[in-house]
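What follows is each chain in one-letter form.
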Amino acid sequence: MKVLHVVGARPNFMKMAPVYRALARNGHEQILVHTGQHYDALMSDVFFKALEIPDPDESLNVGSGSHAQQTAAIMSRFEPVVLAHRPDIVLVYGDVNSTVAAALVCAKIGIRVGHVESGLRSFDRSMPEEINRLVTDQLADVLFTPSVDGNENLAREGIRKEKVFLVGNVMIDTLIHFLPRADEVFPGLKAELSLDSYGLVTLHRPSNVDDESVFLPMMKELDSLSEKLPLIFPVHPRTAQKWSARLKQCGPNLQVIAPLGYFEFLALQKNASVVITDSGGIQEETTYLGTPCLTLRENTERPITVTLGTNVLIGHDWALLRKEFQKALNGGHKQAARPPLWDGKAAERIAEILTQ
Ligand code: UD1
């Protein structure tokens, strides 16, 4: 079988890597297309290297733009590429603009699409990713879900259950595979950043970083929390670009740094006393690692991280943030269980299903 993978943005890379490896073990021909949605070395190249992903066979170099511009650019550049390769199936990952753009192209020209990390819903259509999820799942021919809520959402949306496979979480496959490497880099990183106990922060969602009436009070809270526990804040380019002046004014205990590599970030998550984030993937990784996670969003498309995991939805309730932060420091945070099938074998299940 000829399988073509489409990736474009940072979180796609860790989802694709184990699927690529598992399909290679099954002897399938594979083509890797990078849309170029993320292009900075720290957002892309370092992950290809660390995760041992081969260089892309095709690079579409679309770069940044409005949602319409970016999605359209991916579609028009991807169409001739997929027509030239004529794969048996195209695999798309997660919920970024590259995911929906590639799915739409394939659906129109009759090439089968498989969606990895299907069925997740925040039920919040103001999130660009929610639109991408809904549309991609409607278009996909084979849908791989990470948890049972995904199957329930897809059934509710009228998607035939013969097309849907509960396989587990591919991002956790990558975490499990590379955890020993993260453990290796931690002592050096700890020394480099002068860390003892610390919390880890990431923020990049438009709902948090685009509007100053949200972002500035959030930064004030983080500054104040950092007086209780030093915080490390690797900054996403989107946030850095908009707020470079404000980020320079952070107090001495709120350490603002460039985006980290995969092993380094994983090591920091594992050893942090608490993680404050608005990322989807980090809600899952902290649940697996058992690290308390405080999510600065009103909702999550990954409810299992709240029901089973360490995740607490904070929204913009600063009193709740302070309370939960203190709980994490006192060791009073809720205990977590690992969701079923988050066992490092999700990609193998995908490869088995595709090979049948
Ligand atoms: C994208 C995804 C989001 C995912 C995130 C992970 C969509 C709609 N959003 O958000 O779901 O959680 O990736 O990182 O697909 N930029 C750079 N260098 C880069 C890439 C981006 O400087 O390599 C800057 C550009 O100014 C760009 C902005 O970041 O306009 C936003 O990039 P974009 O790809 O549109 O969305 P993300 O916020 O990265």
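Looking now at the overall build of the chain. Looking only at helices and strands, the chain features 15 helices and 13 strands. Here the C-alpha atoms of the chain give a radius of gyration of 20 Å, agreeing with the 21 Å that 2.2 N^0.38 yields for 356 residues. Residue burial in the chain is summarised as follows: out of 356 residues, 58% are buried. Within the chain, contacts between residues at least 6 apart in sequence are counted, and of these 68% link residues at least 24 apart.

For strand 1 (residues 2–7), a buried count of 6 out of 6 residues is recorded, marking the element as mostly surrounded by other parts of the structure. Side-chain alternation along strand 1 places Lys2, Leu4 and Val6 on one buried face and Val3, His5 and Val7 on a second face that is also buried. Sheet topology note: the strand 1/strand 2 (residues 29–34) ladder contains 6 bridges and is parallel. Counted as the bridge partner of His5 is Leu32 from strand 2. On the question of chirality, the crossover connecting strand 1 to the parallel strand 2 by way of helix 1 (residues 10–25) is right-handed. With 4 bridges joining them, strand 1 and strand 4 (residues 89–93) adopt parallel strand pairing. Following the sheet pairing, Val6 is matched in strand 4 by Val92.

Time to look at the packing of aromatic side chains. All told, the structure shown has 6 aromatic pairs when counted by the stated rule. Ring centres of Phe178 and Tyr262 lie 6.2 Å apart, and the angle between their planes is 80°; on these two criteria the pair is classed as edge-to-face. Taken as a pair, Phe178 in helix 7 (residues 170–192) and Tyr262 in helix 11 (residues 262–271) lie far apart in primary sequence, 84 residues in all. In this structure, Phe178 and Tyr262 share a single accessibility class: buried. On the basis of an interplanar angle of 20° and a centroid distance of 4.7 Å, the ring pair of Phe215 and Trp243 is categorised as stacked. Of this pair, Phe215 sits in helix 9 (residues 212–225) while Trp243 is found in helix 10 (residues 237–248), placing the two residues 28 residues apart along the sequence.

Right, let's talk about the packing of helix 3 (residues 67–85) against helix 4 (residues 97–109) for a bit. Running from N to C, helix 3 and helix 4 cross one another at 45°; their axes reach a closest spacing of 8 Å. Between helix 3 and helix 4, the angle falls in the class oblique. Relative to helix 4, helix 3 is oriented so that their crossing is right-handed. Across the interface between the two elements, His67, Gln70, Thr71, Ile74, Met75, Phe78, Glu79, Val82 and Leu83 from helix 3 touch Asn97, Ser98, Val100, Ala101, Ala102, Leu104, Val105, Cys106 and Ile109 from helix 4. Split by residue class, the contact of helix 3 with helix 4 holds 12 nonpolar, 5 polar and 1 charged.

If you walk across this open sheet you meet the 6 strands as 10-9-8-11-12-13, and the pairing is parallel. In this open sheet, the two edge strands, each paired with only one partner strand, are strand 10 (254–257) and strand 13 (311–313). Averaged over neighbouring strand pairs, the angle between their axes works out to 20° when direction is ignored. Direction of pairing for strand 9 (residues 231–234) relative to strand 10: parallel, over a ladder of 4 bridges. Bridge assignment links Ile232 to a residue of strand 10, and that residue is Gln255. Helix 11 contacts strand 8 (199–202) and strand 9 of the sheet and is inclined by roughly 130° relative to strand 8.

Quick look at the site of the ligand now. The immediate surroundings of the ligand are formed by 19 residues, with Gln37, His38, Asn97, Glu129 and Gln241 found nearest. The separation between an oxygen atom of the ligand and a polar side-chain atom of His204 is 2.9 Å. Relative to its unbound accessible area of 740 Å², the ligand is 89% covered by the protein chains. In this structure, the ligand is accommodated by the largest pocket. Taken together, the elements giving at least two residues each to the shell around the ligand come down to helix 3 and helix 10. Broken down by element, the shell around the ligand gets its largest block of residues, 3 residues, from helix 10.

Let us now look at the environment of Asp196. Along the polypeptide, Asp196 turns up in the loop between helix 7 and strand 8. Exposure remark for Asp196: the relative accessible area of 62% places this residue in the exposed category. Remark: the alpha-carbon pair of Asp196 and Pro230, spanning 34 residues in sequence, is separated by 8.6 Å.

Moving on, we come to the nonpolar core. Counting 58 residues, the largest nonpolar core has Leu51, Leu91, Phe144, Tyr262 and Leu268 as its most contacted members. The element that contributes the greatest number of residues to this core is helix 7, accounting for 9 residues. Sequence-distant contacts of Leu268, defined by excluding residues within four places in its chain, comprise Phe186, Leu189, Leu193, Leu195, Tyr198, Leu200, Ile232 and Leu260. Membership of the second largest hydrophobic core comes to 27 residues, among which are Val214, Leu225, Phe233 and Leu254.

Cut-off values and rules
Residues numbered from 1 in each chain as written. Predicted model: local features only at pLDDT ≥ 70, side-chain atom pairs only at ≥ 80, totals over all residues. Heavy atoms only, no water. Helix = DSSP H or I, 4+ residues; strand = E, 2+ residues; numbered from the N terminus. Rg over C-alpha atoms; globule rule 2.2 N^0.38 Å. Buried < 20%, exposed > 50% of the residue type's maximum accessible area, 1.4 Å probe, protein only. Contact = heavy atoms within 4.5 Å. Pairing = 2+ DSSP bridges. Right-handed = clockwise from strand over helix to strand, strands pointing away. Phe/Tyr/Trp six-rings, centres within 6.5 Å; stacked < 30°, edge-to-face > 60°. Axes fitted to C-alpha atoms, helices over the stretch in contact; angles between N-to-C directions. Parallel < 35°, antiparallel > 145°, perpendicular 65-115°, else oblique. Left-handed = near helix turned anticlockwise from the far one by under 90°. Nonpolar A, V, L, I, M, F, W, Y, C, P; charged D, E, K, R; others polar. Near = heavy atom within 4 Å. Polar contact = N/O pair within 3.5 Å; in protein donor to acceptor, adjacent residues only side chain to side chain. Areas by Shrake-Rupley, 256 points an atom, 1.4 Å probe, with all protein chains shown as cover. 1 Å grid on protein atoms, 1.4 Å probe; cavity = no way out; pocket = protein on both sides within 12 Å on 5 of 7 lines; lining within 4 Å. Sits in = over half its atoms within 2 Å of the grid points. Core = buried A, V, L, I, M, F, W, Y, C linked by side-chain atoms within 4.5 Å.

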